[in-house]
Structure formats: structure tokens, C-alpha cells
Amino acid sequence: RARDLLETVVTDCDLSNAAFPHLSWRTGALAGHPVRLYRISFTGEMSFELHCDARYGAEVWAALQAAGVAFDLTVYGTETMHVLRAEKGYLIIGQETDGTVGPDDLGLGWAIAKKKPDFIGKRSLARPDMQRADRKQLVGLLPAAPIPEGAQLTATATDTAMLGHVTSSYHSPVLDTPFALALVAGGRARHGETVQARFGGQATPCRIVEPVFHDASGERLDG
């Protein structure tokens, strides 16, 4: 209900979907101070990010808190945000990625302007190693029990060949189950398969699934 709340305190800005679509920004005023509003989301929910002069940050925050009482506003921290973003398959650079991971490995090949005659990184993306079908790709995991980040993934509980590793692992309140994101060799072709997460001498079976666990159609982004 982010839009509903902001409509009670923000002036000089049309917050409707038509006037203020996802991934756009507008200017307005809040608590008598100019603010810049960004319609972005790292949670998969209808969300706005507000920027203001640092001198007025406390006043803007207090105005939002006061207006939020009528909406049962709850402040949440970064750990909650991590769970929400992972449920949506939103990646964190440096956690779901390292120096070997390319855009297509993350399912972001659509974002590359391949028809351009040239761009920075085009030669690297065209290298044979980047075209291999067995490259590690981002997938979702549904484990039989909670598993730690960094757990190694193998085909069986006794196999020594590593297929990949767990990059993020949480419990999902909305799914009422543990879930994880992982990089797995040829992962997109393995949906439905079961792998073993190995850690501390234990092996936990995990089913490979799509890396978006909640609201795959993105309807909640528009409220």
C-alpha cells in the first residue's frame, strides 16, 4: 500500500500507474520539502524510493512514520529485504555473481543489445567459453531442509563432481518453506531434477526450479 500512504503526504506529484510507471521517477514535495521519487522495487512489491536533501531527512522520515500509523506501517530491515528479493529471484551482484558469471548465465540475455555492431564487452561475450551449454546458470532450489549459503551441489550424496553452489538461502514466510538460489552447471535445462546440497558431512536433497518463487507475473509491482 505504498502508493496509498504516499498519496496522503506527497504533493505536486501524480502517483498513479498511468502517470508514474514502474522504473520511472518524478519530483514532488513531502513535509514541505522537495523530494525526488523513484518507482523502483527490490522486494517485488509496489515500492517507491524517496530522495531529499539530507538536512530534511529526519522531517521526511517522521512525516512518513506519522502517516503510516493509519496503514499499520511496519519498518523492516535489510534481512527482511533479502528474503523478499530472493523470493522474486532478484540477484545481488557479488553474491549471485563472481568474475566468471555473465548476463546470460543469470537469465539476463534479453538485456544485451546483440544487434549493435559493437559495445563494451561484446568480444568477451562471443568467446567460445561463454557459449557453452554447461555454464553455471542461476536457478532456484527447494530443499528438503534448510541449507547454508556456500553449500556445494552434487548429483548424488556420494558424488565428488561439483555441479554448482548455493548463493542465497532463506526461509520464506509466504511459501512456508526453505528456499535458495544457486548457480548450477546447465541449470536452466535441469529444472525438475534433484541435486544434493553438501555441507558439514551432510547431504540435503534439493529440487531445481525457476529462480522466481513468488508472483512470477509481477502483478504486485503495480499494487
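The shown structure was predicted, so the numbers you read here are calculated from the model rather than taken from an experiment. (Residues numbered from 1 in each chain as written. Predicted model: local features only at pLDDT ≥ 70, side-chain atom pairs only at ≥ 80, totals over all residues. Heavy atoms only, no water.)

What to know about the overall build of the protein chain
Reasoning step 1: Within the protein chain, the secondary structure is distributed over 4 helices and 10 strands.
Reasoning step 2: From first element to last, N terminus to C terminus, the protein chain shows the α and β order α-β-β-β-β-α-α-α-β-β-β-β-β-β.
Reasoning step 3: Counting only C-alpha atoms, the protein chain reaches 65 × 50 × 30 Å along its principal axes.
Reasoning step 4: Within the protein chain, contacts between residues at least 6 apart in sequence are counted, and of these 56% link residues at least 24 apart.
Reasoning step 5: When the accessible surface of the protein chain is summed, it comes to about 12600 Å², and 56% of that surface belongs to carbon and sulfur atoms. (Helix = DSSP H or I, 4+ residues; strand = E, 2+ residues; numbered from the N terminus. Contact = heavy atoms within 4.5 Å. Areas by Shrake-Rupley, 256 points an atom, 1.4 Å probe, with all protein chains shown as cover.)

Concerning the sheet that holds strand β7 (residues 162–172)
Reasoning step 1: Taken in spatial order, the 6 strands close into a barrel running β5-β8-β7-β6-β9-β10, and their pairing is antiparallel. On average, adjacent strands in this sheet sit at an angle of 45° to one another, irrespective of strand direction.
Reasoning step 2: Pairing geometry for strand β5 (residues 136–143) and strand β8 (residues 177–185), over 6 bridges, is antiparallel. Looking at β8, one finds that glutamine 137 is bridged to valine 184.
Reasoning step 3: The sheet strands contacting helix α3 (residues 78–87) are β7 and β8, and the helix crosses β7 at an angle near 120°. (Pairing = 2+ DSSP bridges. Axes fitted to C-alpha atoms, helices over the stretch in contact; angles between N-to-C directions.)

Remarks on the sheet that holds strand β4 (residues 49–52)
Reasoning step 1: Spatially, 4 strands are ordered β1-β2-β3-β4 in an open sheet, and the strand pairing comes out antiparallel. Of all the strands in the sheet, the pair left with one neighbour each is β1 (10–11) and β4.
Reasoning step 2: Summarising the sheet, strand β2 (residues 25–30) and strand β3 (residues 33–38) pair through 6 bridges and their orientation is antiparallel. Residue pairing for β3: alanine 29 is matched across the bridge by proline 34.

Side note on the pairing of β7
Reasoning step 1: Across the 11 residues of β7, 8 count as buried, placing the element largely inside the fold.
Reasoning step 2: Pairing geometry for strand β6 (residues 152–154) and β7, over 3 bridges, is antiparallel. By the bridge assignment for β7, threonine 154 is matched with methionine 162.
Reasoning step 3: With 8 bridges joining them, β7 and β8 adopt antiparallel strand pairing. The partner of serine 169 across the bridge, within β8, is alanine 180.
Reasoning step 4: Counting the residues in the hairpin turn of β7 and β8 gives 4 residues, including aspartate 176, whose phi is positive at 55°. (Buried < 20%, exposed > 50% of the residue type's maximum accessible area, 1.4 Å probe, protein only.)

Focus on the environment of alanine 19
Reasoning step 1: Take alanine 19: it is sitting in the loop between β1 and β2.
Reasoning step 2: A relative accessible area of 26% means that alanine 19 is categorised as partly exposed.
Reasoning step 3: Not counting residues up to four positions away in its chain, the partners in contact with alanine 19 are Asp14 and Arg26.

Points about the side chain of serine 47
Reasoning step 1: Of note, serine 47 is situated in the loop between β3 and β4.
Reasoning step 2: Classification of serine 47 as buried rests on a relative accessible area of 16%.
Reasoning step 3: Polar side-chain contacts of serine 47 include one of 3.4 Å to the side chain of threonine 43.
Reasoning step 4: A distance of 2.9 Å separates the side chain of serine 47 from the backbone oxygen of glutamate 45, its partner in a polar contact.
Reasoning step 5: Here serine 47 is in contact with Ala2, Tyr38, Arg39, Ile40 and Ser41, once residues within four sequence places are set aside. (Polar contact = N/O pair within 3.5 Å; in protein donor to acceptor, adjacent residues only side chain to side chain.)

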